[in-house]
Amino acid sequence: MKPGEYLLLEPKPLPAFERGISKETRAFVLDRNGFTCQMCGAVAGEAHPYDPSRKTRLHIGHIVDKSMGGGDDPSNLKALCSICNEGARNLTHDRPSHQKLLIQVRRATGAGQLEVLKWLLAKYREQAAGMLNNQER
Ligand SMILES: [Zn+2]
């Protein structure tokens with residue numbers, strides 16, 4: 001290898017949320033869940049129902065997210081396949097288009113729209129403040 005080059009030995013590091021969960025807890029949760037993804041029902045080692053080119057690999061996910069106070073004990077853990085796990089983490093799969101989303105929001109009741117607004121304001125507080133300031137100028 002040339003200077004400055006490096007070899008990536010582990011292309012897929014373990015997701016951060018799996019750190020801190022012991023091998024024993026992991027094995028216990030997988031066994032309790034029957035080695036089946038608790039979101040889509042895919043079975044470990046079998047072709048994935050959504051993407052048959054991929055063999056199902058199971059991960060351990062939190063039922064109540066750690067950021068919401070969920071713990072690492074088995075009662076708060078569940079088996080998730082890599083596809084659902086990716087979906088849960090970055091929502092790449094089944095993400096609605098902007099247009100579809102706006103149509104849904106426009107058709108919703110006022111109370112529903114206010115719920116969406118509350119959620120968006122909580123998530124995008126700084127951006128929202130910036131937009132309101134620009135309007136006032
Ligand atoms: Zn799944």
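Structure first, text after, so check above.
Residues numbered from 1 in each chain as written. Predicted model: local features only at pLDDT ≥ 70, side-chain atom pairs only at ≥ 80, totals over all residues. Heavy atoms only, no water.

(A) Highlighting the coordination of the zinc ion. The coordination sphere of the zinc ion, as far as protein atoms go, consists of Cys-37 (SG), Cys-40 (SG), Cys-81 (SG) and Cys-84 (SG), spread over 2.3 to 2.4 Å. Around the zinc ion sit 4 donor atoms; with metal-centred angles ranging over 105 to 114°, the donor geometry is tetrahedral. Site description for the zinc ion: donor spacing in sequence, C-x2-C-x40-C-x2-C. The pair formed by Cys-81 and Cys-84 is uniform in burial state, with each residue classed as buried. (Donors = N, O, S within 2.8 Å, 3.2 Å for Na, K, Ca; no water. Tetrahedral: all angles 85-135°; square planar, octahedral: opposite > 155°, others 65-115°. Buried < 20%, exposed > 50% of the residue type's maximum accessible area, 1.4 Å probe, protein only.)

(B) Here's a closer look at unusual backbone geometry. The phi dihedral of Phe-35 falls on the positive side, at around 50°, and the residue is not glycine. Structurally, Phe-35 can be placed in the loop between helix H1 (23-32) and strand S1 (58-62). (Helix = DSSP H or I, 4+ residues; strand = E, 2+ residues; numbered from the N terminus.)

(C) Summary view of the pattern of salt bridges. In this structure the tally under the stated criterion is 2 salt bridges. The salt bridge partner of Asp-72 is Lys-66, with a shortest N-O separation of 3.1 Å. Two residues, Lys-118 and Glu-115, come together in a salt bridge whose shortest N-O distance is 3.1 Å. Taken together, the residues span about one helical turn, with Lys-118 and Glu-115 both in helix H4 (residues 110-123) at a distance of 3 residues. When its relative accessible area of 47% is taken as the criterion, Glu-115 is described as partly exposed. (Salt bridge = Lys/Arg side-chain N within 4 Å of Asp/Glu carboxyl O.)

Keep in mind these values describe shape, not function.
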